[in-house]
Amino acid sequence: GTVSMHELFRVLELPMQEAKLREDQRLKNEVNRIYEQIANCIRNQFGTIHNYFEKERLKQGAAPEGLKDLSRAKFGQLMRTLGIELDATRTQRVFSDIDKNGSGSVSMQEL
């Protein structure tokens, strides 16, 4: 028998799809591990995320309703404050995963 080009490409595509699924799962697991590390560090250093936001609000002299979310840059500062070293790619991946509404900032509720 012969194999059509369509059948050949479909068979060759399966391992690539499987590899992509495995890589997606690996990245998701990595983000989850980092997120757990963030949560543990926040609890250890500030007690709650609310306490962190309140401390930052006071440091900035913002009004009581002032600091409600973190920009990507402030999120990077939080990682350094917590002692979590992430490269730019990982920081972006974690930030994007936490920023569920895609606003470009991370709210206290999202954290």
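Residues numbered from 1 in each chain as written. Predicted model: local features only at pLDDT ≥ 70, side-chain atom pairs only at ≥ 80, totals over all residues. Heavy atoms only, no water.

Describing helix α3 (residues 72-82)
Since the α-helix advances by 3.6 residues per turn, residues separated by three or four positions end up pointing in the same direction.
Then comes step 1: Among the residues making up α3, those that are buried are Phe75, Gly76, Leu78, Met79 and Leu82. Looking straight down α3, one finds that the buried residues subtend no more than 155° of arc, so they occupy a single side. Opposite the packed face of α3, turned more than 90 degrees from it, sit the exposed residues Ala73 and Arg80.
Then comes step 2: Looking at the buried residues of α3, the elements they touch are α1 (5-46), α2 (49-60), β1 (69-71) and α4 (88-98). (Buried < 20%, exposed > 50% of the residue type's maximum accessible area, 1.4 Å probe, protein only. Helix = DSSP H or I, 4+ residues; strand = E, 2+ residues; numbered from the N terminus. Arc of directions from axis to C-beta. Contact = heavy atoms within 4.5 Å.)

A closer look at the pattern of salt bridges
Then comes step 1: All told, the structure shown has nine salt bridges when counted by the stated rule.
Then comes step 2: For Arg57, the salt bridge identified is with Glu54, shortest N-O distance 2.5 Å. Taken together, the residues Arg57 and Glu54, both in helix α2 and three residues apart, mark about one turn of the helix.
Then comes step 3: Here the salt bridges do not stand alone but share partners, grouping Glu30, Asp87, Arg90 and Arg93 into one network. (Salt bridge = Lys/Arg side-chain N within 4 Å of Asp/Glu carboxyl O.)

Points about the side chain of Ser105
Then comes step 1: Positionally, Ser105 belongs in strand β2 (residues 105-107).
Then comes step 2: You can call Ser105 buried: its relative accessible area is 14%.
Then comes step 3: A polar contact is formed between the side chain of Ser105 and the side chain of Asp69, at a distance of 3.1 Å.
Then comes step 4: When near neighbours in sequence (up to four residues on either side) are disregarded, Ser105 contacts Asp69, Leu70, Ser71, Phe95, Asp99 and Glu110. (Polar contact = N/O pair within 3.5 Å; in protein donor to acceptor, adjacent residues only side chain to side chain.)

In short, shape yes, function no, at least from these values alone.
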